[in-house]
Amino acid sequence: MPGPSRPRVARFILRRLALLPPLLLGVSLFLFVLTHLVPADPAKLIAGEHAGPDQVAAVRKAFGLDRPLSEQYAVYLGRLAHGDLGTSMRTNSAVLDDLRTYFPATLELTGAAMLATVAIGVPLGMVGAIGRGGLSDLLAQFASLGGLSFPIFVFGLLMQLIFFRWLEWLPLAGRLATGDSPPAHITGLYVVDSLLAGNAATLRSALIHLTLPAFTLALASLAPTARMTRSTMLDILTQDFVRTAWAKGLAPIRVYLRHGLRNAFIPVITILGLQVSALLGGVFIVELIFAWPGLGLYSVEGILALDYSAIMGTALLLTAVYVVINLAVDVTYAVLDPRIRY
Amino acid sequence: MLSWTRASDTSTGAGVAGASFLDLSLRRLGHMPAAWIGGVIVLVLLAVALAGKAVAPFDPLRIVPADKLLSASPAHLFGTDDLGRDLLSRVIAGARISLLVGALVLAIAMSVGVGLGLVAGYWGGWMDEAIMRTTDVFLAFPRLVLAIAIAATLGPGLYNAMVAVALSWWPWYTRLVRGRLLSLREEEFVLAVVSLGAGRPRILLRHLLPNVATTVVIQASIDFGYAILATASLSFIGLGAQPPTPEWGSMIAQARSYMIDAWWYPTFPGLAIFVTVLGFNLLGDAVRDAFDPRLRSSR
Amino acid sequence: MDSVRREGRISRRRFLRTLAAGGAAVGAGAAGPGLFWTRPGSAAGVATDTLIVGQDTAVQTFDPQIVYDNTVRITRGIYEPLVGLEGGTPKIVPKLATSWSATPDVKQWTLKLRPGVTFHDGTPLDSEAVKVTMERLIKINRGFAYAFKGLVAGVDTPDPLTARITLSSPDASFVAKLAAISGNLIVSPKAVREHATGDDLAQGWLKEHGAGTGPYVLESYDKGAQQVVLAQFPGYWGGWSGPHVKRIIFRIVPEASTQRLMVERGEADIVTVVSPDLIDALAKEPGIAVSESPTMRIFYIAMHCQREPLKDVKIRQALSYAFDYEGAKQAIFNGKLAPLNGPLPDNDPAHLSPADKPYRYDLAKAKQLLSESSRPNGGFTLSLSLFQGDPTFRKAAEILQARLKELNIDVNIQELASSVLLDKAGKPDTAPDLLPVRNYPDYADPSALISATFGKDAWGTAGWNFSFYANDHVEQLLTQANQITSQPRRIQLFRDAQRTIVQEAAAIFVGTLINRVAMRSNVHGFQYNPLLGNTFDLYQIAKS
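Residues numbered from 1 in each chain as written. Chains lettered and ligands numbered in written order. Predicted model: local features only at pLDDT ≥ 70, side-chain atom pairs only at ≥ 80, totals over all residues. Heavy atoms only, no water.

## Some words on the overall build of chain C
- Helices and strands together make up the secondary structure of chain C, namely 17 helices and 19 strands.
- The C-alpha radius of gyration of chain C comes to 25 Å, within 12% of the 24 Å expected for a compact globule of 544 residues.
- The dimensions of chain C, computed from C-alpha atoms along their principal axes, are 75 × 70 × 40 Å.
- Residues counted as buried form 61% of the 544 residues belonging to chain C.
- Across chain C, contacts joining residues at least 24 apart in sequence account for 70% of those joining residues at least 6 apart.
- Total accessible area computed for chain C in this model is approximately 18,800 Å², and 51% of it derives from carbon and sulfur atoms.
- For chain C, the distance from the average site of its 59 positive side-chain charges to the average site of its 55 negative ones is 3 Å. (Helix = DSSP H or I, 4+ residues; strand = E, 2+ residues; numbered from the N terminus. Rg over C-alpha atoms; globule rule 2.2 N^0.38 Å. Buried < 20%, exposed > 50% of the residue type's maximum accessible area, 1.4 Å probe, protein only. Contact = heavy atoms within 4.5 Å. Areas by Shrake-Rupley, 256 points an atom, 1.4 Å probe, with all protein chains shown as cover. Lys, Arg positive; Asp, Glu negative; His and termini not counted. Charge placed at Lys NZ, Arg CZ, Asp CG, Glu CD.)

## Section: a nonpolar patch on the surface
- Side chains of A:Leu29, A:Val33 and A:Leu37 sit close together on the surface and give an oily, nonpolar patch of about 260 Å² of accessible area.
- Mapping A:Val33 onto the fold places it in helix H2 (residues 20-37). (Patch = residues over 30% accessible without salt bridge, like charges linked within 9 Å, V, L, I, M, F, W, Y side chains within 5 Å. Salt bridge = Lys/Arg side-chain N within 4 Å of Asp/Glu carboxyl O.)

## A few points about the interface of chain C and chain B
- Each side of the interface is counted separately: chain C has 27 residues, and chain B has 21 residues.
- When chain C packs against chain B, the two sides together hide about 2,000 Å² of surface, and 53% of this comes from carbon and sulfur.
- One can count 5 salt bridges joining chain C with chain B.
- Of the charged contacts in the structure, one is a salt bridge between B:Asp82 and C:Arg394, with a shortest N-O distance of 3.0 Å.
- Linking chain C to chain B there are 13 residue pairs in polar contact (both at pLDDT 80 or more).
- Contributing elements (two or more residues each) for the side of chain C that touches chain B: helix H8 (256-264), helix H9 (276-283), helix H11 (325-333), helix H13 (391-405) and strand S15 (409-416) of chain C.
- In terms of residue count, H13(C) provides more of the side of chain C that touches chain B than any other element does, 8 residues in total.
- In the side of chain C that touches chain B, the residues fall into 10 nonpolar, 7 polar and 10 charged. (Buried area = accessible area lost by both parts, 1.4 Å probe. Polar contact = N/O pair within 3.5 Å; in protein donor to acceptor, adjacent residues only side chain to side chain. Nonpolar A, V, L, I, M, F, W, Y, C, P; charged D, E, K, R; others polar.)

## Examining helix H16 (residues 472-483) of chain C
All names here are of chain C.
- Helix length check: H16, at 12 residues, gives a terminal C-alpha distance of 17 Å against a target of 16 Å (1.5 Å per residue), a fit within 8%.
- For H16, the complete set of buried residues consists of Val474, Glu475, Leu477, Leu478 and Ala481. Here the buried residues of H16 occupy an arc of 165° about the axis, which is enough to place them on one side. Set apart from the buried face of H16 by more than 90 degrees, the exposed residues are Asp472, Gln476 and Gln483.
- Against the buried residues of H16 lie helix H15 (446-454) and helix H17 (487-503). (Expected span 1.5 Å × (residues − 1). Arc of directions from axis to C-beta.)

## Observations concerning the domain arrangement of chain C
All names here are of chain C.
- Here chain C is described as being made up of domain 1 (72-188) and domain 2 (294-514).
- Of note, the centres of domain 1 and domain 2, computed from C-alpha atoms alone, are 33 Å apart.
- On the surface where domain 1 and domain 2 come into contact, there are 0 salt bridges.
- Put simply, domain 1 and domain 2 have 0 residue pairs in polar contact (both at pLDDT 80 or more) between them.
- Looking at side-chain class alone, the side of domain 1 that touches domain 2 contains 5 nonpolar, 1 polar and 1 charged residues. (Domains from an automatic or database assignment.)

## Quick notes on the pattern of salt bridges
- Per the counting criterion, the structure on display carries 35 salt bridges over all chains.
- As a salt-bridge pair, A:Asp97 and A:Arg100 come within 3.3 Å of each other at their nearest N and O atoms. One end of the pair, A:Asp97, and the other, A:Arg100, are both in helix H6 (residues 95-130), 3 residues apart, so they sit about a helical turn from each other.
- For A:Asp97, a relative accessible area of 39% corresponds to the partly exposed category.
- A:Arg100 gets classed as exposed once you look at its relative accessible area, which sits at 53%.
- The salt bridge involving C:Glu264 is made with C:Arg260; its shortest N-O contact spans 2.4 Å. Of this pair, C:Glu264 and C:Arg260 both sit in helix H8, separated by 4 residues, roughly a single helical turn.

Right, dumping it as structure tokens:
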């Protein structure tokens, strides 16, 4: 397949990268305006239930909330330029530190959910494509759509009920068992860290705690992945080179795996990239249900307390992650489909 | 989840918007079991929503403290909730709300998204750049997160939640429409009309819009269920429907601590969402398959 | 297990880990390990020297002068106040101070400190600590600081075991304030000095570390695992004879249904969920005990007295007759609700009798009162806001809403996050017409609750007067009561003030909460004090 020339792709990547700072600026402004539009006073919540007006005023002053909005935004940007995301009003610590604490948990959960998506979604899609129109197609379609139609908040509770209360196979919530100390901090991903430390017990604990939330989170991403696999497979299976393969009398399994899946894989990767957004959205609900101490839980609490810096910091981080993934998807896309011009 | 369509997915020819295509597609739709199942679900839902109170055994707001958390019985087929209200009546009342939610969310998202997508994809240039960078800002958030943020700003309420979901949704239509236009511009038939000297508005109206409309309608039929689901999710977090509105998501939010002791309370609203979204998904998927011309060529 | 217990902390941790690995190996075939590596089959659940508490609130800081939410449950194990409360009573008893006295004008208080007390960092307790703590509280000015700021003029340290606190105005209830749930928990002056960054008074360090005199040391706070581990402080002045636990682990689990499963499966010993229905469900489970104690937490629906149509006392009275008290008691609290006949609960000496509160559920009477009001036919809409996530508030609101419909009054309910609602409800022009609230006295004096709930100076979030009630007669009575010391006369004045408030229907008085805590039945020594919010005495708890 003749792709675009290397320099063109490189130029495209550079151009997109150059757009990242203005994008983050846009996001920060958008968020700043959005959060400050809320007619609420976080200082009251921070100061405590029975706090007097002077206490509230003191908190407001300490966090610079008494200054005009434009000035607050300017101060925020100034700090941001130095890599300072401000101080969380709720936890009273640097937002950057908070993100460092909670992001790995979210990363681990999302990554595991992504694995589950691939492991279940791709085979479902293949079954559908191969048996198109038949019973297996219908069943695969039902299974993936069923997963997609299930409210994640009901599914999570159901999973806890079945696997914890009835079957007693899996733990209920959290990242590790009580009394388990987490592995030495290297990446913050317990699975990876305990592997690196060679700590089998912690690894096992981390893995079984990860299973239910990851599967619950993956549920909504299964259908798009299965659907994409299915349609790409169908696409490829009707291409000339596959017809040739059939004509040559190759065994079906070889046709599907060698020609079908291999060629279908890259578009599937692109949709997986896009599923990151869906997964990061679902993380908010899954972390709540499974008491998973990640960014979702952190920012839901932040949103409820109107912890401006925490909300903005989380959103900026997620934006950066998302944009980079998006860029990777677009690059794959550019390499794949030379008809698109940039 | 808005399924993502590659720009080159539907490389249809010029005349596809004609009656024969529609005819063919509908006929194909009639042969799909998924379409039938989805269609029946949606029809039943519509009937229930329209009949509303006429088929509900009780007033969905009638509180009877003494009848608190009764399990399913002939008197209360779905049991009662924690204030002794009849769950079946509440689930039935919720059907109308959900259909309204799906329709309104899509109407808002589409009217904003499609318009901007047409502008960006057709005129291109700085307008394209400006619109797409704006969508980048919106798309930079996980969608539910953005909806949560907007809903928190607007204040809790069902209508605010719908607006929030719609506002987090429009950029997907913009992208879809723009992508479709971009690939259409490269199609031979468009190149041909251009070379024949057709004017811009004419190309847009006569040749591009019908193609785009098909794509958008297919997408909307797939999205209907998710619009309901997303709004229910906001209600679940407490940013959507307010008490005593029998919206399914908020019913589940109130019921979630009863999963073990009164399984019927979260289960029936949960099933209602599930069946509804599944119905729209099946139908939407079938519509998409039926109208996807590549399948036609391979059949 | 005995040998393990004797070996102490570290080996126990190793033991738990071994147990974990064992459980994992066994679990591979049939059932895997549970959340805490324990199965319901192992009757005791967790080792008997470790107490696991399902904690509902995320930790923001352990700073004793800042914590004002449910994290006090933890900090009160690490830190101690100067004076405590005896058992479940409002009686003030010695804690870090052994005796106290005041000058006749109650403007100067002298406290004698307990000798031989050391902080976790080895510093001996002295009057310097009292001074540092009080000054730190006032300077940081968060949470309970409002009770001392402006009141405390200075702290002197005449000798290491004597602290003298001078007040700017007389205050007979000063010692009661020292016994409050939070705020004046004594912190090590050495820790404050050594860990200060700039002028932060060691706020940064005390956020995640402890330096108190309490029975338990803050051993670790693991944000990843969301658990806080407290371990026995060997040098605790109270000693460790008698039954106690060696370690207390707080698992932070905000989801109520998750907490319920934890205690049911024996993976937590005590849970802190408050939903009455969940606790009643748990009470039916084998191996679960539910502790019930009276509280001073009043549950009422504030009515906005400054805005039409509720400005009309007849309409407020009509609403008070339209509330289904008995239905609410059953539907919301499953019958576990104590009466409330006015602003003060029945366990306050100045409470009113049932005869003082005429309101009961009587729609005919409500209709009659409404017909005598400025809106005889109803036909108006009232706004009602709810603090998010509390089913008791929601249900009370829905019950009121359903009944008011019969009076042709609509109620528009909106559930809001606390930050948003506190702001809205703080100002008379943005406050909702109706607001279900819980309130409790910050210290043991009738004035604490009445003034904060219905006093003129407490409008909105300035206190907790969400009714925006103001009555000069009531103000006079309250001022008078604070100027005299004769208790019977004071009680008389407080009762008169309350009768006016009830007669003018400043709120719908729903009831007084009963504290109900679900725990495994092998937990003993659970002690609850109505003045100390949702905390319980960690030192007294033991397991068998």
